[in-house]
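Secondary and tertiary structure notes
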Amino acid sequence: MRIVCIGGGPAGLYFGLLMKKLHPEHDITVVERNKPYDTFGWGVVFSDATMQSMRIWDPESAAEIEDSFNHWDDIELLFKGTRQRTSGHGFVGIGRKKLLNILQARCEALGVELKFETDVDSDLDFPDADLIIASDGLNSKVRNKYADIFQPDMLVRPNRYIWLGTNKLFDAFTFDFRKTDHGWFQAHIYKFDDKTSTFIVETTEEAYQAHKLGEMSQDESIKFCEGLFSECLEGSSLMTNARHLRGSAWLNFTRLICGKWSHFNGNSHVVLMGDAAHTAHFAIGSGTKLAIDDAIELANQFKIAGHGKDAIPGVLATYEEIRRVDVARIQNAARNAMEWFEVVGHRYADTLEPEQFMYSMLTRSQRISHENLRLRDKTWLEGYERWFAAKQGLNVKDGERCLPPMFTPYKVRGLTLPNRIVVSPMAMYSAKDGLLDDFHMVHLGSRALGGAGLVFAEMTCVSPDARITPGCLGLWNDEQLEGWKRLVAFVHGNSNAKVAMQLGHAGRKGATKVAWEGIDQPLESGDWPLLSASALPYLKHSKVPKAMDRADMDRVKADFVAATKRAAEAGVDWLEFHAAHGYLMSSFLSPLTNRREDEYGGSHENRARYPLEVFKAVREAWPADKPISVRLSCHDWFEGGNTPEDAAIFAQMFKDAGADLIDCSSGQVWKEEQPVYGRLFQTPFSDKIRNEIHVPTIAVGAISEADHANSVIAAGRADLCAVARPHLADPAWALHEAAKIGLKNVAWPKQYVSGKYQYEANLARSATPAK
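These notes cover the structure that comes with them. (Residues numbered from 1 in each chain as written. Predicted model: local features only at pLDDT ≥ 70, side-chain atom pairs only at ≥ 80, totals over all residues. Heavy atoms only, no water.)

This part is about helix α22 (residues 644–656). The terminal C-alpha atoms of α22, which comprises 13 residues, lie 18 Å apart, in line with the 18 Å expected from a rise of 1.5 Å per residue. Those residues of α22 that sit buried are Pro644, Asp646, Ala647, Ala648, Phe650, Ala651, Met653 and Phe654. The secondary structure elements touched by the buried residues of α22 are β26 (574–579), α20 (584–589), α21 (604–621), β27 (628–633), β28 (661–665) and α23 (683–693). Of the residues flanking the end of α22, it is glycine 658, one or two places downstream, whose phi is positive at about 115°. (Helix = DSSP H or I, 4+ residues; strand = E, 2+ residues; numbered from the N terminus. Expected span 1.5 Å × (residues − 1). Buried < 20%, exposed > 50% of the residue type's maximum accessible area, 1.4 Å probe, protein only. Contact = heavy atoms within 4.5 Å.)

Here it is, written out as structure tokens:
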């Protein structure tokens, strides 16, 4: 084949040398606009996994690269007058120029033609090429030419950064955070050779503008940064190699995702690679890794399918299918880390103590978890666990393993939960006339015995016409009250758990069949009138609700107050006000479902007016020493609906009205929603509300392991973790998770203690390799 790589970065060079090595008959050219052996940039970071792949694919270049690597295990944080360090992180870095020079020399040794000082305007400049690799970077001319085909989605991020270097050698990957009168600046620093360290300075657009950095020359910007980070520089100066850039050299990162990666232009197959196809923020240092991995996978597909021209279409399709998965995973982690730095000042740096700030920073991408930190640096993590436990009032001795964050107590008003694990309210659709019966006793009682600190029943409806289905729980009469008294007495008498009730009204989502007969499908008989903020059905064929008038509002508010008083009489420990998931209160909050033109529609204040009115009445009727949480849909996942920014506004309103916690869920407001699922996918909503509104939160959604819960709570992203489906599969989820992480000082019910010992022994046995 005739192969042309447009762009002589890591992707183009490495693919060229791999293909020449695999099949020397290929005619391969790498075209680069820079001069021979000249490039821009400071250091780049590799992962151990990518380096291992490079050893396999081309040991010769891998050995030379490794000889030039700088390796470090430690991460150091300078923050609020403290210096913290943790080990076991295993980074490797190399100068970008050195890396490219090694790859250039290897290409020449194998017979790859290198053409320097050549600008390429179009793939059509190479009509004889069978395969063209568009590895020409973020501003790829080839990709831009076929934008309608490649469908680039480019998003310019808000933070500003400047990429500098220094001759001071840092022995750890160092982060330095400095507060100015106009906001926070942070430096990302790492050594990449025996003479130089990369020194990236980042800040918000607001701080950038306030300090007038855009009006400065590069030299003036460098002087500003030298003064700001003088403590860690210790007299060393900063340098730039971006003299080719005009102005101050401060940039915005651009996130790129492409809808398609390859195209046949009539003569040649064109495929994107590296930054031309995707970008990953420098916060996790994976741009070069992704480029190298692209090159390896495309070469691998030719090795599998053969090197003939007829193999190209199938190879490109498989290459894209495989690489999309890894790229999406890395971009997701990079997005998490990038967004952490974008809001680090007002969300974390201003509020968190240095110890928790360090933990939050280490876990910012969500790729590094609690137990992963234990593997990396057990001493540091257990020291942090002791600090966290001491903050909760536990007496912890040095050297002793203490309770991890999820098993520490949590106090709110006059209530203390034994741990931070919550059994989520999950609809069982098994009540008759709203009564809590033997099924609910066994279902909820077993979860209380299973070690959770707080056990929610499903949404409990305040009136018969407030139900979702005929099988929903209710609390509108004294017979129902007796069932709740029985449940509370059992849980309090047989466990350390507390009992929570979620009060709600289904609104326009009511009068439907139980889930296993057709979720959200309207009842064919025995239905009841529906109420909502506006007369909009949930499904096209659902019953149309009545837009509530003042009389309806007064009656529903009275129903909530009456149910609240019954809950207090039953001895329930915790109340939650359900204002999420498209039910009645949620229908007022979302602009998708609230189309009113009176004082209850329009602005945030108007949309929240009625839910707040009801909540305040509930708070007044509920004992002052008992907590109330509010469940919010923090993202409607549909254009025109509420976003996390809207949710934060509502959270502040409910906090001001007396809410003790915000239960941060999302979605289920609009049937055509398009949520983005994933591990801990709703935790960012909790993180935002907790650390910007300064109200405690409950995190929900895809939390399925102790590792997840400990990571969320330890980082200050939530105060409690609500676990749903795992509790359906395992009533003793909390006890089992404690055993899985080797925690033996969590009490089991006395009747089950023999099972505890055997469970722990079986775990230990399964962890021991067979001889």
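In spatial order, the strands read β3-β7-β4; together these 3 strands make up an open sheet with antiparallel pairing. Edge positions in the open sheet fall to β3 (43–46) and β4 (70–72), since each of these has one partner strand only. Each strand of the sheet is rotated relative to its neighbour by a mean of 30°, with strand direction disregarded. Note that β3 and strand β7 (residues 91–95) share 4 bridges and pair antiparallel. Of the residues in β7, the one forming a bridge with valine 45 is glycine 93. Those strands touched by helix α4 (residues 96–110) are β3 and β7, and its axis lies near 75° from that of β7. (Pairing = 2+ DSSP bridges. Axes fitted to C-alpha atoms, helices over the stretch in contact; angles between N-to-C directions.)

With that settled, consider the packing of helix α2 (residues 48–57) against helix α10 (residues 287–305). Between α2 and α10, the least distance of the axes is 10 Å, while the angle of their chain directions is 40°. When the axes of α2 and α10 are compared, the pair comes out oblique. For the pair α2 and α10, the crossing hand works out as left-handed. Of the residues in α10, those in contact with Thr50, Ser53, Met54 and Trp57 of α2 are Lys289, Ile292, Asp293, Ile296, Ala299, Asn300 and Lys303. By residue class, the composition of the contact of α2 with α10 is 5 nonpolar, 3 polar and 3 charged. (Parallel < 35°, antiparallel > 145°, perpendicular 65-115°, else oblique. Left-handed = near helix turned anticlockwise from the far one by under 90°. Nonpolar A, V, L, I, M, F, W, Y, C, P; charged D, E, K, R; others polar.)

Our next topic: the nonpolar core. In this structure, Phe15, Phe177 and Trp484 are the most contacted members of the largest nonpolar core, which totals 204 residues. Per-element accounting of this core gives the leading share, 11 residues, to helix α11 (residues 312–342). (Core = buried A, V, L, I, M, F, W, Y, C linked by side-chain atoms within 4.5 Å.)

The next thing to look at is the side chain of aspartate 465. Position of aspartate 465 among the secondary structure elements: in the loop between β22 (460–461) and α17 (478–494). Side chain to side chain, aspartate 465 and serine 463 meet in a polar contact 2.6 Å long. A distance of 2.8 Å separates the side chain of aspartate 465 from the side chain of arginine 555, its partner in a polar contact. (Polar contact = N/O pair within 3.5 Å; in protein donor to acceptor, adjacent residues only side chain to side chain.)

This paragraph deals with the packing of helix α1 (residues 10–22) against α4. It is the contact of α1 with α4, at a shortest axis distance of 9 Å, that shows an interaxial angle of 25°. Here α1 lies roughly parallel to α4, going by the angle between them. As for the relative orientation of α1 and α4, their crossing is left-handed in sense. Contacts from Pro10, Leu13, Tyr14, Leu17, Lys20 and Lys21 in α1 reach Arg96, Leu99, Leu100, Leu103, Gln104, Arg106, Cys107 and Leu110 in α4. In the contact of α1 with α4, the residues fall into 9 nonpolar, 1 polar and 4 charged.

Right, let's get into the packing of aromatic side chains. Tallied over the entire structure, the rule returns 37 aromatic pairs. The interplanar angle of 5° and the centroid separation of 6.3 Å between the aromatic rings of phenylalanine 177 and phenylalanine 341 together place this pair among those described as stacked. Placement of phenylalanine 177 in strand β11 (residues 173–180) and of phenylalanine 341 in helix α11 is noted, with a sequence separation of 164 residues between them. Plain terms: the ring middles of tyrosine 429 and tryptophan 516 are 6.0 Å apart, the flat faces sit at 80° to each other, and that makes the pair edge-to-face. A residue pair is termed long-range when its members are at least 10 positions apart, and tyrosine 429 in the loop between β20 (421–423) and α16 (438–449) and tryptophan 516 in helix α18 (residues 515–518) qualify at 87 residues. Judged by its relative accessible area of 59%, tryptophan 516 falls in the exposed class. (Phe/Tyr/Trp six-rings, centres within 6.5 Å; stacked < 30°, edge-to-face > 60°.)

Take the side chain of glutamate 76 next. Locating glutamate 76 in the fold gives a position in strand β5 (residues 75–79). Owing to a relative accessible area of 9%, glutamate 76 belongs among the buried residues under this scheme. In this view, glutamate 76 contacts Arg83, Gln84, Arg85, Ala172, Phe173, Thr174 and Phe175; residues no more than four positions away in its chain are not counted.

A large share of β28 lies buried, amounting to 5 of its 5 residues. Neither face of β28 is exposed, since Leu661, Asp663 and Ser665 on one face and Ile662 and Cys664 on the opposite face are all buried. Relative to β28, β27 runs parallel, the two sharing 5 bridges. Bridge pairing in β28 places serine 633 opposite serine 665. As a crossover connection, the stretch from β27 through α22 into β28 is right-handed. (Right-handed = clockwise from strand over helix to strand, strands pointing away.)

Below, the discussion takes up the pairing of β5. In terms of residue burial, β5 counts as a mostly covered element, since 5 of its 5 residues are buried. Side chains of β5 alternate between two faces, with Ile75, Leu77 and Phe79 and Glu76 and Leu78 buried alike. Relative to strand β6 (residues 82–86), β5 runs antiparallel, the two sharing 5 bridges. The residue of β6 that forms the bridge with phenylalanine 79 is threonine 82.

Looking now at the sheet that holds strand β1 (residues 2–6). The strands making up a sheet associate through hydrogen bonds between their backbones, and the pairing can be parallel or antiparallel. One open sheet holds the 6 strands; their spatial order is β8-β2-β1-β9-β17-β16, and the pairing between them is mixed. For this open sheet the edge positions go to β8 (113–115) and β16 (262–264), each flanked by a neighbour on one side alone. For this sheet, the mean angle separating the axes of adjacent strands, direction not counted, is 20°. Note: strand β2 (residues 27–31) against β8, 3 bridges, orientation parallel. Across the sheet, the residue bridging to valine 31 is lysine 115, located in β8. The strands that α11 touches are β9 (131–134), β16 and β17 (269–272); relative to β17, the one it contacts most, it runs at about 15°.

Moving on, we come to the environment of phenylalanine 79. As for its position among the elements, phenylalanine 79 is in strand β5. Spatially, the C-alpha atoms of phenylalanine 79 and glutamine 186 are 9.7 Å apart, while their sequence positions differ by 107 residues.

The topology assignment puts leucine 475 in the loop between β22 and α17. The exposure class assigned to leucine 475 is buried, which follows from its relative accessible area of 0%. Put simply, leucine 475 and valine 630 are 155 residues apart on the chain and 18 Å apart in space, counted from C-alpha to C-alpha. Dropping the residues within four chain positions of it, leucine 475 is found in contact with Thr460, Cys461, Gln480, Leu481, Trp484, Met501, Ala563, Arg566 and Ala567.

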